[in-house]
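Architecture at a glance
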Protein chains: 2
Amino acid sequence: MAGIKDVATLAGVSVATVSRTINEPDKVTEQTRITVQKAIKKLNYHPNVLARDFRTRRTSRIIVLVPDISNTFFSNVIRGIQRQAKGLKYAVLLGETRNDKGIEREYASMVLSRQADGIIQFSPSNPFLDLAKDNDPLTDFWVNACECISDTTTPKIRIDNTKAMETIANQVLEMGHKKISVLLGPADSPLTISRLSGVYAALEKKKIDPKSLTKIEGDFSARSGTQAALDLLKIKTKPTAVLCFNDEMAFGLIHGLKQSGLSIPEDMSVTGFDDIELAQYCDPPLSTISQPAMQIGSTAMTALHKKINGKFNSDLEHILPADLIVRSSIAAPRQRQIS
Amino acid sequence: MAGIKDVATLAGVSVATVSRTINEPDKVTEQTRITVQKAIKKLNYHPNVLARDFRTRRTSRIIVLVPDISNTFFSNVIRGIQRQAKGLKYAVLLGETRNDKGIEREYASMVLSRQADGIIQFSPSNPFLDLAKDNDPLTDFWVNACECISDTTTPKIRIDNTKAMETIANQVLEMGHKKISVLLGPADSPLTISRLSGVYAALEKKKIDPKSLTKIEGDFSARSGTQAALDLLKIKTKPTAVLCFNDEMAFGLIHGLKQSGLSIPEDMSVTGFDDIELAQYCDPPLSTISQPAMQIGSTAMTALHKKINGKFNSDLEHILPADLIVRSSIAAPRQRQIS
DNA sequence: TTGAAAGCGTTACCAA
DNA sequence: TTGGTAACGCTTTCAA
């Protein structure tokens, strides 16, 4: 395995010059640059990054902490991170946390032991909590995406969940629905809280009694959507529309409702949130909110890069636009409510 | 930040002894071990992993190369890798390749430059190809999962695609279908080839003319499934069943067929492959082949670990079991074929 | 069992 | 612009 020394010898220059041609090409003559690059190619030389990292105390690696890898919405965010990371010369370490604080902490300690430069966190918690014994500045190197903590120091990259939810709720109410229901995520999740307040805002605008809103708690899984269908059918005054707080639950809900003989949207309108790829192939195609997943990812990567490099960050909150996608899973309610 | 030297000084021993107490505790007296550990604690010493990696030429990091992160089947394999990696003390670097050989090569060079110890590759190609000028032993550190190359040296972890496809084709033929169609992946993909031969095997068993099989090429995306529906409807003698080579395409196909007024499975039976989470929430629920995704991942991680550590590997081919999942997307054909 | 010391392959400082 | 060379913090011989 050829080392920098071999390259230097072959090119007839010093190791310092080889190092420079690689890292600061502007600081060498074009002449020597060409010679050195030729030698590099000839020897098939790959710099030993371990040695470089060791020397520079930098890894060019960042960690992405995601609660659930198989959620396709996250996949797209990760893809955005990945692409941006490539441009900024970072490698992406992936960690699935299943919302386990212990696992989050383990990954965070990889930053303290300099195995990675920083963290992109998708959950509303500081992974460095309880870890910052020495008030270590390294514990600052993280940004929060999608579902965010409420502090004033961490960069946040997300959509306006309240506004997005209000938009889709408005759409449903405009169609004439009076009695609606929501299928929430976990009750304590900031995502659930902010989206729910969007629903309330829409109700208020239409002067509909917020108490008429039926709330069912789910966990963002399709399975919990199917479960919710059963709960829903037990209600005496059934809603004519259900707003699900993500697409997977909407899939499960629709499945459950159909099994019980209901037609969507004739008997009940259903909406989702996220616009995962399969949403348009749902039967009926799902009305939902499209999040700019890739853009969230790339923005988060850029923000982390700035944070790591100590750049001043004037805008801590990056609120990206989300779009209402109307498909045929919603329609005006029937004149009579179903019994 | 305290270093190993500080610990040595405080404990009144040499750095070598400190190193030993950390890495080979059995090789030091209990007496000194205690002294050293006390010093470590007092100084809040954390070994510099960068220095250790550099010195040992090992990173405890592996790269996972996946064509498409947002494919939920891959997500589950990755999860399996992740869990196993944790036990074996590896961190997982994720790379999305979009089947781009250039990107694969870039990641492979990260192994040569010692940023990672090895690669788990999901595509049927050697990522180190064109990169191994010096016959570098490092280029051996990879394993192939799911869709595999045909050589005799690379460990392979996959299901028996031919057999699995034959199983589901048998199921459909047993139900009485005579005229069937297949929705393939890319024609040159080993996955397509092996699964297709499974279909032929099933046809032969039933003495059905293989020429009666209508083949439509897709690209494993839902969109290509919807496109295939259009193609299918143009055929004069329509099939009564379509075997899709993955679930996403089945989703798209069913969507397209329904749009054209067909009922599934009454007018046409449809099957998928992979059993992604949403398959059971499809309308009708999708019959498919369930791959042991997590197990594929963990097995691949273990195999790579062995490869890296130069362990003799008697079984290069790990063929894992796959299950037929029968749901209501298939049924006996109608007596008369639809016009 | 312990210690002294030689690297590991870079980068970065200082001189030339 | 270039070269010589001292770090970087650890592991790992080799002797004691």
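Residues numbered from 1 in each chain as written. Chains lettered and ligands numbered in written order. Predicted model: local features only at pLDDT ≥ 70, side-chain atom pairs only at ≥ 80, totals over all residues. Heavy atoms only, no water.

In the nomenclature of an unreviewed UniProt entry, chain A is known as LacI family DNA-binding transcriptional regulator of Hirschia litorea.

**Some points on the pairing of strand 1 (residues 61–66) of chain A**
Residues and elements named next belong to chain A. Counted residue by residue, strand 1 has 6 buried out of 6 residues, so it is predominantly covered. Where strand 1 and strand 2 (residues 91–96) come together, 6 bridges link them in parallel fashion. What sits directly across from I62, in strand 2, is V92. For the handedness criterion, the β-α-β arrangement of strand 1, helix 5 (residues 72–87) and strand 2 is classed as right-handed. One ladder, built from 4 bridges, connects strand 1 with strand 3 (residues 118–121); its direction is parallel. Paired with L65 across the strands is Q121, a residue of strand 3. (Buried < 20%, exposed > 50% of the residue type's maximum accessible area, 1.4 Å probe, protein only. Helix = DSSP H or I, 4+ residues; strand = E, 2+ residues; numbered from the N terminus. Pairing = 2+ DSSP bridges. Right-handed = clockwise from strand over helix to strand, strands pointing away.)

**Considerations on the protein's contact with DNA strand C**
Taken together, 25 residues form the shell around DNA strand C, and within it A:S19, A:R55, B:T17, B:R55 and B:R57 come nearest. The protein-proximal atoms of DNA strand C, defined as those within 4 Å of the protein, are 60% sugar or phosphate. Side-chain polar atom of A:N23 to a phosphate oxygen of DNA strand C: 2.8 Å apart, as the coordinates give it. Breaking the surface near DNA strand C down by element, the ones donating at least two residues are helix 2 (15–23) and helix 4 (49–56) of chain A together with helix 2 (15–23) and helix 4 (49–56) of chain B. The element contributing the most residues to the surface near DNA strand C is helix 4 of chain A, with 5 residues. Here the surface near DNA strand C is built from residues that sort into 10 nonpolar, 9 polar and 6 charged. (Near = heavy atom within 4 Å. Polar contact = N/O pair within 3.5 Å; in protein donor to acceptor, adjacent residues only side chain to side chain. Nonpolar A, V, L, I, M, F, W, Y, C, P; charged D, E, K, R; others polar.)

**As for the nonpolar core**
With 181 residues, the main nonpolar core has A:I62, A:I120, A:F122, B:I62, B:I120, B:F122 and B:L253 as its most contacted residues. Discounting chain neighbours no more than four positions away, the residues touching B:L253 are B:L183, B:G225, B:T226, B:A228, B:A229, B:L232, B:V242, B:C244 and B:V270. (Core = buried A, V, L, I, M, F, W, Y, C linked by side-chain atoms within 4.5 Å. Contact = heavy atoms within 4.5 Å.)

**Things to note about unusual backbone geometry**
All names here are of chain B. Look at the link from I264 to P265: it is a cis peptide, with omega at 5°. Within the secondary structure, P265 sits in the loop between helix 10 (247–259) and strand 9 (269–271). The omega torsion across D283 and P284 is 0°, close enough to zero to call that bond cis. Along the chain, the position of P284 falls in the loop between strand 9 and strand 10 (288–290). Of note in the backbone geometry, F220 takes a positive phi value of approximately 75° without being a glycine. Within the secondary structure, F220 is located in the loop between strand 7 (214–217) and helix 9 (222–234). Looking at F220, the relative accessible area reads 22%, which means it is partly exposed.

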